[in-house]
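As a plain string of letters, each chain reads:
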Amino acid sequence: MVPQSSAHYLDQRVLALSTMTAAYRLLIRLLLPLAFVYLWLRGKKAPAYRQRWSERLALQPVPPAYRHGLLIHCVSVGETVAARPLIEGILTQYPHLPVTLSSMTPTAADLAQRLFGSRVHHLYLPIDTPGAMRRFFTKLAPRAAIILETELWPCFLREARCRRVPVMLLNARMSEKSLASYQRNSWLLGPIWQQLRWVAAQTQTSCERFIELGVPADKLASRGNLKFDSHVAATTLSEAHELRQRLARPVVVAASTHKGEDEQILDAFADVLENEPSTLLILVPRHPERFENVAELIGQQGFALQRRSSGDLPDEQHQVWLGDTMGELLLWYAVADVAFVGGSLITRGGHNPLEPVATDTAIVSGPHVFNFKEIFARLDAAGGMRWAEGAEDLAQQLTELLQKSELRSKLQQAARQEFAQDQGATTAMLNDISHCLPQLTKGEKLNMATVEKLNPSAKEEIWYRSDRFEAFQEAYFDPDFWRARDQIKGAATGRSTAWFIAGEKIDMLLRHYYRGGLVGKLNKDRFKREPVAESRAMAEFELLLQLREQGLPVPEPLAARYKKAPWWGYRADILVAVIPGAKDVFKCLSERPLSADEWHKLGAAIRQLHDADVYHSDLNCHNLMLDSADKAWIVDFDKCEFRESGQWREGNLARLLRSFKKEYRKAQEASRDFHWQEERDWPLLMAGYENAR
């Protein structure tokens with residue numbers, strides 16, 4: 001949604017503040033310096049953690065073309081991989097919708113770039129302070145937000161509620177341990193779960209736990225796990241087949257391993273080599289900052305090492321191939337005869353076993369799998385995996401599976417059959433998105449997707465429509481530029497002056513923003529500085545684009561400018577397309593009475609606006625227009641906004657009626673024509689309003 005007026009926004013913030021505790025707001029602010037200490041320390045081994053810090057506080061610019069799109073948040077690599085089919089489905093289903101993908105880790109950022117490239121805009125989700133989230137939503141202004149799994153933040157949800165941005169939680173899971181943690185800390189977080197538009201849970205058990213946390217039963221459903229829909233690309237399978245042919249030896253992969261686990265795996269592998277000396281171990285640490293330490297550990301334990309990052313394949317002398325690259329886990333699973341799923345020999349909770357199921361690889365896991373308890377339970381019950389309690393047990397399981405191909409085939413077939421009927425979560429969640437977020441139109445190219453940004457100087461920002469201007473000049477906002485070319489064809493005066501410009505492809509109206517009332521006598525055209533996206537011209541520009549996208553009878557915006565004034569404030573300008581053959585109702589009534597049909601059309605146009613929840617701050621007879629085809633239009637959307645239902649609709653109509661009465665009275669005093677009769681005309685307008693569909 002567009003930025004709202006200060007008063008209305010403050011009202012919404014008061015409501016939203018009640019959904020999170022003062023203790024949380026204080027605590028998150030106190031923890032902010034520690035968050036950057038953490039990023040700095042992580043940066044010692046992973047330098048990317050020391051980069052893009054402005055995004056951690058939402059201080060970076062956001063391209064206008066990605067405003068008013070869809071925000072998808074995947075906290076890390078696992079969520080991004082799982083969400084890939086869903087995101088691909090969204091990009092296909094909504095081809096013109098700007099999509100922003102946020103994450104928290106550099107590895108997820110790199111993966112997003114590799115998977116989606118320029119089709120999405122990536123940024124880090126800022127640290128959940130009130131100020132950072134306020135800036136984030138102001139700059140991005142999403143139509144809706146989708147969160148994968150269970151990454152909820154109170155300040156994020158508060159801002160979404162303030163700005164009427166619906167939030168969906170998809171592929172959601174809730175373990176027993178997480179449930180207890182959320183219940184224990186509910187005094188701190190507040191009722192965050194009730195603020196979600198929809199929850200698509202992985203299992204019925206998770207559904208029941210979400211209900212315990214306060215999610216209304218009619219706002220959630222079990223949709224399955226997106227990871228069941230994971231498909232291995234044909235190119236990956238082809239590359240894996242080629243690698244197996246070139247390696248020509250038994251292969252074990254230990255995937256997504258953690259500190260304290262690699263030692264046990266290497267001990268087990270030493271025992272495997274006693275029985276199967278030609279076996280190659282592909283060791284893939286979960287976090288890239290551990291690559292060097294694991295390489296040193298491999299050398300210390302006496303294994304011949306080859307590193308994937310070297311670009312060379314291991315030869316027959318190499319015993320361990322270190323997977324020190326990102327985004328190739330499915331490839332390693334597809335190459336291997338047997339896969340050990342890491343994070344399970346220590347109390348990390350395990351990792352997703354559905355990836356080796358997808359590559360048809362026999363699975364071994366340690367006992368600590370509480371993060372994927374239900375999936376492992378199904379694999380175990382189906383006879384589709386083996387358990388290993390420690391290094392000795394792991395060596396026995398790996399050796400047996402390497403030696404018995406029929407046993408591997410039995411595990412692979414059992415795992416494959418167990419989950420064969422579980423696909424379909426992606427389709428179900430895409431249907432949920434379509435149902436819950438009808439504002440995500442599938443039709444024409446959406447509003448801000450055609451907008452480019454121009455910065456003639458550090459103090460100035462211009463947004464312009466690239467589909468209307470091949471190139472844009474700052475001078476287009478200067479009346480003298482057009483006057484010198486004899487393209488100014490008229491002017492409209494009132495509180496401010498607007499110039500009518502005869503363009504080469506489209507006629508335009510240039511308007512400079514002026515202040516009104518007593519303030520305007522002292523300060524003609526400076527406004528208090530505010531974020532560019534919330535400034536007068538940009539806010540009106542965006543709103544008009546949104547309204548036209550909905551098919552409402554409003555003028556087409558072309559460009560807007562924000563320019564800092566010396567010392568204090570800013571000035572603003574806007575260019576809009578002239579409505580061909582249109583004349584405002586005041587001028588029409590100065591010439592002739594309007595027909596009943598014309599009054600009906602005016603009333604219907606106002607009703608369209610109100611049905612779209614659009615508040616017009618200055619609805620009057622000067623801002624209603626009729627064109628030569630008798631189509632009704634509404635113009636001048638400065639300081640207008642979307643609002644929730646309320647008495648403002650009646651207030652809008654009352655303001656309009658007062659304007660007719662005022663102009664009628666002024667016309668009588670000046671002895672000039674104004675063809676308005678309240679008893680005749682107002683009921684006709686209201687009939688059009690009431691009967692509009």
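Look up: the structure comes first, before these words.
Small disclaimer: the values here were computed from a predicted structure and weren't measured.

Participant: Please provide a residue-by-residue account of the overall build of the protein, values included.
Facilitator: Of regular secondary structure, the protein possesses 26 helices and 26 strands. Counting only C-alpha atoms and orienting by the principal axes, one finds that the protein spans roughly 110 × 50 × 45 Å. Taken over 693 residues, the protein has a buried fraction of 56%. With the model as given, the accessible surface of the protein reaches about 30,300 Å², and the carbon-plus-sulfur share is 50%.

Participant: Can you break down the sheet that holds strand β22 (residues 583-584) residue by residue, with the values?
Facilitator: Spatial strand order, β22-β24-β25: 3 strands in an open sheet with antiparallel pairing. Each having just a single partner strand, β22 and β25 (632-634) make up the two edges of the open sheet. Strand direction decides the pairing type here: β22 and strand β24 (residues 624-626), joined by 2 bridges, are antiparallel. Looking at the pairing, Lys-583 lines up with Leu-626 of β24. The sheet strands contacting helix α24 (residues 596-611) are β24 and β25, and the helix crosses β25 at an angle near 40°.

Participant: Could you give an account of the sheet that holds strand β9 (residues 280-285), with specific residues and numbers?
Facilitator: One open sheet holds the 7 strands; their spatial order is β10-β11-β9-β8-β12-β13-β14, and the pairing between them is parallel. Single-partner strands in this sheet number two, and they are β10 (305-307) and β14 (386-387). Of the pairings in the sheet, the one linking strand β13 (residues 362-365) to β14 comprises 2 bridges and is parallel in character. Each bridged residue has a counterpart across the sheet, and for Ser-365 the counterpart in β14 is Trp-387.

Participant: An account of unusual backbone geometry is needed here, citing residue identities and associated values.
Facilitator: The backbone of Ala-141 shows a phi angle near 45°, a positive value even though the residue is not glycine. Structurally, Ala-141 can be placed in the loop between α6 (130-140) and β4 (144-148). In this structure Ala-141 comes out as buried when scored by relative accessible area, which is 5%. With a phi angle near 55°, Ser-671 is a residue other than glycine that sits in the positive phi range.

Participant: I'd like to hear about the pairing of strand β8 (residues 251-257), residue by residue, with values.
Facilitator: Of all 7 residues that make up β8, 7 are buried, and the element is covered over most of its length. Between β8 and its parallel partner β9, the chain crosses via helix α12 (residues 262-275), and the hand of that crossover is right-handed. Pairing analysis gives 4 bridges linking β8 to strand β12 (residues 338-341), with the strands arranged parallel. From the neighbouring strand, Val-253 faces β12, where its bridge partner is Ala-339.

Participant: Run through the packing of aromatic side chains, naming residues and quoting values.
Facilitator: Under the counting rule described, the total for this entry stands at 26 aromatic pairs. Ring centres of Phe-137 and Phe-156 lie 5.1 Å apart, and the angle between their planes is 65°; on these two criteria the pair is classed as edge-to-face. Here Phe-137, found in helix α6, pairs with Phe-156, found in helix α7 (residues 154-162); they are 19 residues apart in sequence, far enough to count as distant. With a centroid separation of 5.9 Å and an interplanar angle of 40°, the aromatic rings of Phe-469 and Tyr-476 are classed as tilted. The exposure class of Phe-469 is buried, given its relative accessible area of 10%.

Participant: So what's going on with the side chain of Thr-361? Residues and values would help.
Facilitator: Within the secondary structure, Thr-361 is located in the loop between α15 (354-358) and β13. Note on Thr-361: relative accessible area 4%, which makes it buried. One polar contact links Thr-361 to Thr-359, side chain to side chain, over a distance of 2.9 Å.

Participant: Any chance you could break down the pattern of salt bridges for me, citing the residues and the numbers?
Facilitator: Going through the model one piece at a time under the given rule, you end up with 46 salt bridges. The closest approach of N and O atoms between Glu-591 and Lys-583, which form a salt bridge, is 3.1 Å. On the accessibility criterion, Glu-591 (52% relative accessible area) is exposed. In this structure, Asp-611 and Arg-607 form a salt bridge, with 2.9 Å as the shortest nitrogen-oxygen distance. Of this pair, Asp-611 and Arg-607 both sit in helix α24, 4 residues apart, roughly one helical turn. Look at Asp-611 and you get partly exposed, because its relative accessible area is 46%. Shared partners join several salt bridges into a network, and the residues in it are Glu-460, Glu-474, Arg-561, Lys-563 and Asp-573.

Participant: Hey, could you go over a nonpolar patch on the surface for me, with residue numbers and the actual values?
Facilitator: Taken together, the side chains of Leu-27, Leu-31, Leu-34, Val-37, Trp-40 and Leu-41 define a hydrophobic patch exposed on the protein surface, amounting to about 550 Å² of accessible area. Along the chain, Val-37 falls in helix α2 (residues 22-42).

Participant: Explain the nonpolar core residue by residue, including any values.
Facilitator: Judged by nonpolar contacts, the single largest core of 55 residues is most densely connected at Leu-547, Leu-602, Ile-606, Phe-637, Phe-660 and Trp-682. Ranked by the residues each element gives to this core, the list is headed by helix α22 (residues 536-549), at 7 residues. Setting aside its immediate chain neighbours within four residues, Phe-637 contacts Glu-540, Leu-543, Leu-544, Leu-547, Val-554, Leu-609, Val-614 and His-616.

How each quantity is defined
Within any chain, residue numbers begin from 1 and follow the written order of that chain's sequence. This being a predicted model, a pLDDT of at least 70 is required before a residue's local features are given, and a value of 80 or more before pairs of side-chain atoms are given or counted; all residues contribute to the totals for chains, interfaces and linings. Hydrogens are left out, water is left out, and the side-chain values use all remaining heavy atoms of the structure. For the purposes of this entry, the term helix denotes a DSSP run of H or I that reaches at least four residues, the term strand denotes a run of E that reaches at least two, and both are numbered from the N terminus. Exposure categories follow from relative accessible area, calculated using a 1.4 Å probe and restricted to protein chains: below 20% of the type maximum is buried, above 50% is exposed, and the middle band is partly exposed. Methods summary: accessible areas were calculated by the Shrake-Rupley approach with a probe of 1.4 Å, and residue burial reflects only the protein chains presented. Note on pairing: two strands pair once DSSP finds at least 2 bridges between them. In what follows, residue pairs with any heavy atoms lying within 4.5 Å of each other are defined as contacts. To get an axis, a line is fitted to the C-alpha atoms, and for a helix only the part in contact is used. The angle between two axes follows their N-to-C directions and goes from 0 to 180 degrees. For a crossover, the right-handed case is the one in which the path from the first strand over the helix to the second runs clockwise, viewed with the strands pointing away from the viewer. Stacked, tilted and edge-to-face pairs are distinguished by plane angle, under 30 degrees for stacked and over 60 for edge-to-face with tilted covering the rest, among Phe, Tyr and Trp rings (Trp via its six-membered ring) whose centres lie within 6.5 Å. Here a polar contact is recorded for every N or O atom pair within 3.5 Å, except that within protein the pair must consist of a potential hydrogen donor and a potential acceptor, and residues adjacent in sequence are included only if both atoms are side-chain atoms. When a carboxyl oxygen of Asp or Glu is within 4 Å of a side-chain nitrogen of Lys or Arg, the pair counts as a salt bridge. Exposure above 30% relative accessible area and the absence of a salt bridge qualify a residue for a patch, where like charges join within 9 Å and nonpolar side chains (Val, Leu, Ile, Met, Phe, Trp, Tyr) within 5 Å. Here, the term nonpolar core denotes a set of buried Ala, Val, Leu, Ile, Met, Phe, Trp, Tyr and Cys residues that are joined through side-chain atoms within 4.5 Å.

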